[in-house]
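Breakdown of the fold
The chain contents come next:
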Amino acid sequence: MLQQTEGASTEPETERVERGLLAEAVEALEEGFVLYDSDKRLVFANNRYAEMLGPHRDLLVPGTPMQVIIGQAVSSGHITIARGPEGGLPGILEALETTRNLKIEINVADGTQREITLARLKDGGIVATARDITEQRTAEARARGMLHGAIEAVDFGIALVDDDERLVFANRKFSEIGDPAGNLLKPGRSMRDIHEDAISTGLFPLPPWTPKAEILDELDRMIRHSAKGFSVPNNQGREIVGNVYETTLEGRLLTIEDVTDQLRAERLFTDAVARLPVGVAIEGADGQFTHCNEAFAAPFHLTAEEILSLSDTDRISVLSPHIAKVGGKDVGDHAATMFAEAIRQQRKTLTPMEVSFRDGRHYLVERAVTEDNGRVVVVTDITALKEAENRSLQTLNDAIQSLDEGLVLFDRDLNFVFGNRLYHEMFFSDLAAPVPGENLVAMMDRLIDSEAMLVPDKVGKTDYMDELARLVRIYRKKETIRTGEGRILLASAHQTELDGYLVSFIDITEQRRAEEEQRESDLLLRKIVEACPANFLVSRIDDGKIIYCPPASRERFGNISTTLSFFLTPDDRQRYLDALLPTGSLDDYRVQFRRADGSIMQGLTAARVTDYKGENVIVSSTRDISDLLAMQDELQRQRDIAHQNEKLSALGELLAGVAHELNNPLSIIAGYAQMLEGKLDDPVLSKRVDRIAEAADRSARIVKTFLAMARQRPTALEPCSLSEIASVALEIAGYGLKANGTRVVTELDDELPRVSGDADQLVQVFTNLIVNAEHALAPLGEDAVLTLRARFDEDTNQSIIEIHDNGPGIADEIRARIFEPFFTTKDVGEGTGVGLAFSHRIIDTHGGTLEVSSSPGQGTRFFVKLPSLEHSADDLTSQAPDEDPVMRKHVLVVDDEESVGELICDLLQDIGCQTTLTANAREAIAKLSEVSFDAIISDFEMPGMDGEAFFKELRRIRPDHVARIGFVTGDSMGKAVNRFLQDCQRPFIEKPISKDDLAALLKQLVGGDEKT
C-alpha cells in the first residue's frame, strides 16, 4: 500500500527482503492493518484498511498524523464511533495510556460495521486491526427477533420487571390473562400501580374484609422474594398460578398460567380412580404412597386413609401377614422379607408380580414410572382367572383359549366338535352354546334368525348358508362375516389331520375402522392443506413451473403457472436459486414479490429442496413483512411524537410556574380593584376601576385554569355551567384565532342547565377542540369563522355545546379514526395525536358523548353532550341569601408578604371584620397565647415556620382554635401542600385572592362549615 521512504536502499539486502515479506504478509490479511509510530504518525497501512477509509484513503501517506487521518474520516461522517470510550479519538488515546489493548466498534458509510483492536507498543507506537463484523451483528439482531417471537409463541404468560419493579415487557398470553381489556400493562408502569388499578376495576377481586393495602403489600412481597406457585386473583373464576424468578440484571421474570382445566382434569382423574374396581395407588420416589383408592386397601381389610398413613416399611409389615405366595413361591415365615424384596425388584424392573393371599385370593401387581420419578401401582384381582386356568390345565382348551382368534372345530360332516371362548363370545353371547354334533347349517340358521350373523343385502338366507358351507369345504380363506353387533370378522377354513375342518375368526373391526379413519384422515389432510392460510408453493427448479399452489397462495399471487410471474425480474429468481441450491435449505431470505393486484410485497421466504416423483422440487413458504416494515416506520414516528410530548410537558410546567408567580400581584390588583368598585364619585375613574377589576378577574381565571390543567388532580365532580367553561376555554385558546383573523361567534346561554363535571378537565376538552379548529382555519385567514353555540335538548335531558368551523372538513376514511390515541394528520412536531382521544375519554367518563359531523369542504362540527342536573326547590332555597354571620368578627391574618397581608386585612375590613396582621407564624403564636380570635387566615408558604408547622403548634397550644383556621395558598401544585390540606381537612382558597372567595372562606370558619 505504502512506498518505502527515501534512504531505504541503504539498509542491508536481508533486511529489505524481510521487510518485503512482512509487507506482503500484512497485505494478505483479511483484516485491515495500520501502524503508527510513537509520535502517532502513520508508518504503514494495508489495502484492507485503505478500503475502509474510502474517500479518505489518500491521507494514508507515511508521516501523516493519526489525528488528521481519523479526524477527517470522522468529521466527514464516513466513520462513526458506535462503541468505545467517550471523547472521540482523544478519549481513545487517553484510554490506551492506561491499558495496552482496547476494542472499539465503528459504523462505515457503506453500511458495514467494523471492530477495531488497538494495541500500544513498548516504544509508544500504536498498531490497529479492523475486522468486518457486519454479518455477526446482523445475526445477533435476527437472534433477538427470534427470541422475541419465541416468547410471544409460548402458551403461558411472561412479563419482565426491572429492578425498580416497573414493567418492561409482557407477552400476548400475559396480557390475555392479566389484562383482557388492555388498559393496565403499559411499559414503565410500576407493578404496584398496575395491581392497584386491577383491584379498582374489579379485575382482582378483594377477599371479604381484606384491606386493599394488605393485598398490594403482599403482591409486592411476592415479587421481591421471587415467590413460586402462588394463586393470582381474578374475576373470571379461573385458577391462575404465578411464579417470579430473579434475573441476572436484578430484575424479575413473572409467569402466569391458567391451570383451571388442568386442576379440573386432576380432580376428575382422582374421582375416576377412586371409583375403579381395580386397586390403584401412586407412590413417590421414596416409596411413600400419595394416593390410594378403596379397591387397593380392601384386600387388606383397611381403608385408603389407613394405607396412606403408613410409611413404606410399616406398610410392608402390616400387609405381609395376609400374604401366602409372592411370584408363585410360598413365603412361609419370611413373608415380610420376601414381599419387601419382590417390591424392590419390581420397582427396578417394572415386571408384573403375582401375590396370593392366605384367604385364597390372587392379585396381579403392576408398576409404571411417572414423570416425576414416582410410580403408579395397579392391583388387579385375578382370582377367577387363576381358578379357570387351574381347571383347564389338563385340556386342549387351555391352548386355544389364549388365542386372539375365535376357533371352532367341525368333523368331516361339518358337525360341531369344539369352540373356544372367543368364538362363543363372537356368536353365542346371547344364545345357547352349540352342543357337540350340531351341524354347521343348523348353527348358522340359529345365528341368522337371532341376527347374531347378518345376511348380505340381495342374498337369500338359504343361499347364503349353502355358500358358507361350500366355502368351508373348499378351505376358503379370509371371507368377510358381519355380526349383529356391528363387528367385522375374517373367516378362514383349514383342513385337519382327521379330515375335519378348523375355522378361525379374526376380528378386524378396529382394523377396518382404522383404515376408514386413515382414508378420512387423508381426505381431511388434503382439505386442511387447501384451507391452510399459510402461503406456500411447490415448484420445479429448472423452469419454475408450479406443481402445487394452495388457495392462500393463489389469493396472494393469482392463478399463476410459474414462479417467474411473481419474481420482479429473472435475476431476482436466479439470486434466490444461487442462495438455495448449494445447501438445499434457505431461511428468512429477503424477497420482493409482485401480488396479483400488481402491488409489491416485502417478504421473508423459507425454502427446502426435496424429491417429488423422481425430480428435485422446491417447497417454499413466504411471510409477508410489509406491515411489519410499515409498523417499524410508524414506531419511529411515535418516538418523534413522544419527544414532542416531553417538550409540551416541560412547556406546561413552565406556564404553571409563571402563573404561580403572578398570583400575589394579581391578588393585589384584583382585591383593591374590587374594593374600589362603586366607591368613586367620578364616573370616568369608576369606569376605569371597573375595567381594571374585569381585566384582573379575567387574568385570575386564566391563571387558575393553567394551574388546574398543570396539577392533574383526581376528577372532582360538581355542578358547573358548560357555557362558562366554554367561555374560559375561549379566553385561554382564543389568541391564535384572533392572530389568524378568525371571526369568533358565541351563542352561549347563561340559563343552560348545569351539568355534573370536573370544570378543569372540561376546560381542557374545549381548549383542545378550539385549538384543533384554529389549525384547520389558519389557511382561510379572515374568511375563517368559528361558532360556539349552546342549547338544551329536552328529549335527552342533555346540555350541548357545539363548536363549528367552516374549515376544509374531514375525509371519510380519516373521520372514523380521529379519536384513536396517537392518530394525527399533522406533521411531526405539530401534533401529538392525543388531544381528541384524551377529550373523548374525559367526556365518556362524565357519562356524556363527544360526536363529530364533517364532510370534505363542508366544515366540521363537534358536539359535547352531557346529562343535565335536575333542579329542585331545595336548590332554589339554598340560593336564598342568609344573614351574614361574619360581621364584626376578629380575624388574625398571617402572611409573610406585607402587601398581600394588608390586602387580606383591607378586604376583611371592607366586609365588616376587625383584623390583626402578623408577618410570620411565630409572631401569630405569640399573639394567640395572649388573645383569642374568631378566625385565623394563614398563608401556607412562609419562611421559618410554614403553614403545616403552624397548624401543629396551634393544635398544641390552642386546640380550641383548630376549627377556626383556614389557609391561603399559591402553591396548589405542590405535593406537600396537597397532602397537608387533605390530611388536616381545613378550608382553603387559592391565589389570586378575590373578595368573594375570602368572604366564603370566612363564612366557613365562623359558621362551622368543614367543607374544603
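That block above? That's the structure.
As for the pairing of strand β6 (residues 126-132)
Of the pairings in the sheet, the one linking strand β1 (residues 32-36) to β6 comprises five bridges and is antiparallel in character. Considered in β6, the bridge of V34 is made with A128. In this structure, strand β5 (residues 113-120) lies alongside β6, joined through seven bridges in antiparallel fashion. The residue bridging R120 from the neighbouring strand is I126, located in β6. In textbook terms, the turn of a hairpin is the stretch between consecutive antiparallel strands, and for β5 and β6 this stretch comprises five residues, one of which, G124, has a positive phi near 95°.

Digging into the sheet that holds strand β36 (residues 890-894)
Pairing is parallel across the open sheet formed by five strands, whose spatial order is β37-β36-β38-β39-β40. If you trace the sheet from one side to the other, it starts and ends with β37 (914-918) and β40 (988-990), each paired once. Strand-to-strand twist in this sheet, taken as the mean axis angle between neighbours without regard to direction, amounts to 20°. Bridge count between β36 and β37: five bridges; the pairing is parallel. Bridging from a neighbouring strand, V894 pairs with T918 of β37. Relative to the sheet, helix α30 (residues 898-910) contacts β36, β37 and β38 (935-939), its axis offset from that of β37 by approximately 175°. Each of β36, β38, β39 (965-969) and β40 is contacted by helix α34 (residues 995-1007), which is oriented at about 130° to β38, the strand it contacts most.

Focus: helix α25 (residues 722-740)
Since there are 3.6 residues in each turn of an α-helix, residues three or four apart along the chain are aligned in direction. The terminal C-alpha atoms of α25 lie 26 Å apart, and with 19 residues this matches the ideal 27 Å at 1.5 Å per residue to within 8%. The axis of α25 is deflected most strongly, by about 60°, at A733. Directly beyond the C-terminal end of α25, a positive phi value near 85° is found at G741.

Focus: the sheet that holds strand β16 (residues 353-357)
The seven strands lie next to each other as β13-β12-β18-β17-β16-β14-β15, forming an open sheet whose pairing is antiparallel. Looking at which strands have only one partner, the edges of the open sheet turn out to be β13 (289-292) and β15 (329-330). Against the sheet, helix α13 (residues 335-349) touches β12 (279-283), β14 (323-326), β15, β16, β17 (362-369) and β18 (375-381), its axis set at about 40° to β17.

Re the environment of A726
Secondary-structure assignment places A726 in helix α25. Taking relative accessible area as the criterion, A726 reaches 0% and is therefore assigned buried. On a C-alpha basis, the gap between A726 and L748 in space is 8.4 Å, while along the polypeptide they are 22 residues apart. In this structure, A726 is in contact with L748, F766, L788 and I801, ignoring residues within four places of it in sequence.

Considering the pattern of salt bridges
Following the criterion strictly, the structure yields 44 salt bridges and no others. A salt bridge links R789 to E802; the nearest nitrogen and oxygen atoms lie 3.2 Å apart. In this pair, R789 is assigned in strand β32 (residues 785-793) and E802 in strand β33 (residues 798-805), connecting sequence segments 13 residues apart. Through salt bridges that share partners, E283, D312, R315, R347, R367 and R375 make up one connected network.

The rules we used
Residues numbered from 1 in each chain as written. Predicted model: local features only at pLDDT ≥ 70, side-chain atom pairs only at ≥ 80, totals over all residues. Heavy atoms only, no water. Pairing = 2+ DSSP bridges. Helix = DSSP H or I, 4+ residues; strand = E, 2+ residues; numbered from the N terminus. Axes fitted to C-alpha atoms, helices over the stretch in contact; angles between N-to-C directions. Contact = heavy atoms within 4.5 Å. Expected span 1.5 Å × (residues − 1). Bend = angle between axes of the 7 residues up to and from the residue. Buried < 20%, exposed > 50% of the residue type's maximum accessible area, 1.4 Å probe, protein only. Salt bridge = Lys/Arg side-chain N within 4 Å of Asp/Glu carboxyl O.

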